[in-house]
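These are the residues of each chain, in order.
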Amino acid sequence: MPKNTKFIVVTGGVMSGLGKGVAAASIGNLLSSSLKVVPMKLDGYLNTDPGTMNPIEHGEVFVLDDGGEVDMDFGHYERFLGTTCKREWNLTMGKVFTGVNEKERRGDYLGKTVQMIPHGTNYIKEVFFETAKQEAADVLLIEIGGTVGDIENQLYIEAARQLKKQVGPNNILYVHLTYVPIPYGVNEQKSKPTQQSVDMLRQRGIQPDIVIGRCTKILDQKIKEKIASFCDVDETAVFTGLDVPHVYSMPLLFESEGMLKVIANKLGIEVKPDTAKWKSLIDNLDDLKQLVTVAICGKYTKLEDSYASIKEALLHCSAHTKAKIKIDWVDTAKIENKQHSLEERLKDVDAVIIPGGFGPRGVEGKIEVIRYVREKNIPFMGICLGLQLAVVEYARNVCNLAGAHSTEMNPTTEHPVVDILPEQKNVDKKGGTMRLGAYKAVLAQGSLASRLYASDEVWERHRHRYEVNPSYHMRLSNAGLRFSGMSEDRRLAEFIELADHPFFIATQAHPELKSSLLKPAPLFLGLVNAALAK
Ligand code: GLN
């Protein structure tokens, strides 16, 4: 067992979507200025990771440097804590059952009946202890997914309950996030859902030390007293999970209600928060000036969670440019089937992003959009599929390669300008088999890419199976498409750009994944600045 690690367990109640990930990340943010905080997320589903799920089901799949495909809450953790997370920090029931089963086959439990308790719960706790030890964590910040009543999360809750005895009551702190509604016509903050949710948690043996009530208004003293009394927590340990225009103000809000003091007292730790820079950026966000409209042209536009990191990256740019960025979600399937005229649809748009994606739906519409912004000098950034389609568009309309396409969309195209990566050809399993994680790109001297990054190399994260077909590189570049960033072996196109355009750049990577409030992704910042200049 790790000697000095403190454990913070975050659970949720009443319903999902109350911002448990943001609450956990905000606590981590406050602690991480002086402590090594390692975030863990425990998900109840049986998939090994979210990589095989549709983003409509589970939101964006977040990719880490090490290639792990993890829950999108890791986006919050990295952005709020400034840490580079690891795939092992996302536990799923899929991983737990596989792990227990491997141990059983190996003979680790010889003679025993293998059971949820103790073997399942022991396995989970071993992962906690192993992670804490390996990372030399001062604080292991454990977020349990879902809500306290969910059957699929019971094993995690039970493991978290057992933890107290093992690590000692002074080394663990339980935080419970609930909902405080103000029903229409009643106009009063209501505590009952919180009481019932905490009651359910206590039935499972966990007494929270801190209760956070999500609410449209700051919790008033009366409701804090009521929650404190019914839930048996200190009055000073009830906090507001306020509805805020952007999540980055949450750490400051928690701090203003005195959360650090409560945590430090309970765990016997010393914390020196350092919020000055963060606060100045939040002040910028509260004082935005010029309006810029950025179109995101994709197919999951109804579910904004599918593009969560892109939205965040744009917000980071707002904090640095003081531009108010309005996102215009453009469903390119509607452009394709002529429900929208392109000019009409994009007439108020200052910049365009074509994000990553899979499959053919809306693709022809995206290609039309790219042609439009290329010809009309509208600032453009392509991400992953966005790069591939920019290449298709250039091949078709500038290189005159009629019918050029990606073999993902048209396997029999006569000009496969985008093709499956050679190492992907024989891959027959879907889970975790894409080109995943951070890869180095070498940037051409004097290119827009190298200027934006202020460097001649960069590591960005990837998640794809297709690449710009190397046998077309020459033809495309002779026709004016600049390959401004290549993989180290020069085989893979990592960045492309156009010289005779105010801002036209695309990358095979996902720069949005490493963007943070303190350090926005350079490509995004470049795009927003170009839109402002326009
Ligand atoms: N579908 C494309 C590929 O697999 C692009 C993937 C993406 O945009 N993340 O290469």
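Residues numbered from 1 in each chain as written. Predicted model: local features only at pLDDT ≥ 70, side-chain atom pairs only at ≥ 80, totals over all residues. Heavy atoms only, no water.

Draft legend 1. Summary view of the site of the ligand. In the vicinity of the ligand, the contacting residues are G356, G357, F358, C384, L385, Q388, E408, R463, H464, R465, Y466 and H510. In this structure, an oxygen atom belonging to the ligand sits 3.0 Å away from a side-chain N or O atom of Q388. Taking R465, its main chain carries an N or O atom lying 2.9 Å from an oxygen atom of the ligand. Protein coverage of the free-state accessible area of the ligand, which is 300 Å², stands at 98%. (Near = heavy atom within 4 Å. Polar contact = N/O pair within 3.5 Å; in protein donor to acceptor, adjacent residues only side chain to side chain. Areas by Shrake-Rupley, 256 points an atom, 1.4 Å probe, with all protein chains shown as cover.)

Draft legend 2. Molecular detail of a nonpolar patch on the surface. Residues L46, F97, M116 and I117 make up a contiguous nonpolar surface patch of roughly 400 Å² in combined accessible area. Here I117 is to be found in helix α5 (residues 116–134). We classify I117 as partly exposed; its relative accessible area is 44%. (Patch = residues over 30% accessible without salt bridge, like charges linked within 9 Å, V, L, I, M, F, W, Y side chains within 5 Å. Salt bridge = Lys/Arg side-chain N within 4 Å of Asp/Glu carboxyl O. Helix = DSSP H or I, 4+ residues; strand = E, 2+ residues; numbered from the N terminus. Buried < 20%, exposed > 50% of the residue type's maximum accessible area, 1.4 Å probe, protein only.)

Draft legend 3. Representation of the pairing of strand β1 (residues 6–12) within the structure. Among the 7 residues of β1, 7 are classified as buried, and the element is accordingly described as predominantly covered. Residues K6, I8, V10 and G12 point to one face of β1 and F7, V9 and T11 to the other, with burial holding for every one of them. Both β1 and strand β6 (residues 139–144) contribute to a ladder of 5 bridges, which runs parallel. Residue K6 lies in a different strand from β6, and its bridge partner there is V139. As paired elements, β1 and strand β7 (residues 172–179) share 6 bridges and run parallel to each other. Paired with G12 across the strands is L177, a residue of β7. (Pairing = 2+ DSSP bridges.)

Draft legend 4. Quick look at helix α7 (residues 192–203). Over its 12 residues, α7 runs 16 Å from end to end, which matches the ideal 16 Å to within 8%, given 1.5 Å per residue. On its buried face, α7 sits against β1, β7, β8 (210–215) and α8 (221–231). Looking at the residues trailing α7, positive phi occurs at G205, about 90°. (Expected span 1.5 Å × (residues − 1). Contact = heavy atoms within 4.5 Å.)

Draft legend 5. Fine view of the packing of helix α15 (residues 363–375) against helix α16 (residues 385–397). The geometry of α15 relative to α16 is characterised by a closest axis approach of 9 Å and an angle of 70° between their N-to-C directions. In this view, α15 runs roughly perpendicular relative to α16, as classed from their interaxial angle. You can see that α15 and α16 cross each other, and the crossing is right-handed. Residues V363, E364, K366, I367, I370, R371 and R374 of α15 form the contact with α16, whose participating residues are L385, G386, L389, A390, V392, E393, Y394, R396 and N397. (Axes fitted to C-alpha atoms, helices over the stretch in contact; angles between N-to-C directions. Parallel < 35°, antiparallel > 145°, perpendicular 65-115°, else oblique. Left-handed = near helix turned anticlockwise from the far one by under 90°.)

Draft legend 6. Representation of the pattern of salt bridges. For the structure on display, the rule yields 38 salt bridges. A salt bridge links K289 to D287, with the nearest nitrogen and oxygen atoms 3.0 Å apart. Since its relative accessible area comes to 55%, K289 is described here as exposed. When its relative accessible area of 33% is taken as the criterion, D287 is described as partly exposed. For D287, the salt bridge is made with K322, and the minimal N-O distance between the two is 2.9 Å. Separated by 35 residues along the polypeptide, D287 in the loop between α11 (276–285) and β10 (291–298) and K322 in the loop between α12 (308–321) and β11 (324–331) bring together distant segments of the chain. Within this structure, K41, D43, D71 and D73 form a network of salt bridges that share partners.

Draft legend 7. Quick peek at the pairing of strand β9 (residues 238–242). When you tally the buried positions in β9, you get 5 out of 5 residues, the bulk of the element. Neither face of β9 is exposed, since V238, T240 and L242 on one face and F239 and G241 on the opposite face are all buried. As defined by bridge partners, β8 adjoins β9 across 5 bridges and the pair is classed as parallel. Paired with G213 across the bridge in β9 is T240. Following the chain from β8 across α8 to the adjacent parallel β9, one finds a crossover that is right-handed. (Right-handed = clockwise from strand over helix to strand, strands pointing away.)

Draft legend 8. Region of the structure containing the sheet that holds β6. The 7 strands are arranged β5-β2-β6-β1-β7-β8-β9 in an open sheet whose pairing can be described as parallel. The open sheet terminates on both sides in strands that have one partner only, identified here as β5 (90–92) and β9. Averaged over neighbouring strand pairs, the angle between their axes works out to 20° when direction is ignored. Helix α1 (residues 20–31) contacts β1, β2 (37–43), β6, β7 and β8 of the sheet and is inclined by roughly 170° relative to β6. Contacts between helix α3 (residues 73–81) and the sheet are confined to β2, β5 and β6, with β2 contributing the most and set at about 170° to the helix.

Draft legend 9. Looking closely at the nonpolar core. Core analysis: the biggest nonpolar cluster contains 84 residues, and I8, L31, I210 and I263 have the highest contact counts within it. Ignoring sequence-local partners within four residues, the contact set of I210 consists of L173, Y174, V175, H176, A237, F239, M259, V262 and I263. In this structure, V352, V373, M409 and Y466 belong to the second largest nonpolar core, which totals 44 residues. (Core = buried A, V, L, I, M, F, W, Y, C linked by side-chain atoms within 4.5 Å.)

Draft legend 10. Quick look at the packing of aromatic side chains. This structure, assessed with the given rule, holds 8 aromatic pairs. A centroid spacing of 5.7 Å and a plane angle of 80° characterise the contact between Y453 and F495, whose relative ring orientation is edge-to-face. Highlighted residues: Y453 in helix α17 (residues 448–453) and F495 in strand β20 (residues 493–497), separated in sequence by 42 residues. Each member of the pair, Y453 as well as F495, is classed as buried. (Phe/Tyr/Trp six-rings, centres within 6.5 Å; stacked < 30°, edge-to-face > 60°.)

Draft legend 11. Local environment of the sheet that holds strand β16 (residues 435–443). One open sheet accounts for 9 strands, arranged β11-β10-β12-β13-β21-β20-β19-β16-β17; its pairing is mixed. A strand with exactly one partner marks an edge of an open sheet, and here the two such strands are β11 and β17 (457–464). Across the sheet, the mean angle separating the axes of adjacent strands is 25° when strand polarity is ignored. Pairing analysis gives 3 bridges linking β20 to strand β21 (residues 504–507), with the strands arranged antiparallel. When the sheet's bridge partners are listed, E497 is paired in β21 with I505. The strands that α12 touches are β10, β11, β12 (351–354) and β13 (380–383); relative to β11, the one it contacts most, it runs at about 155°.

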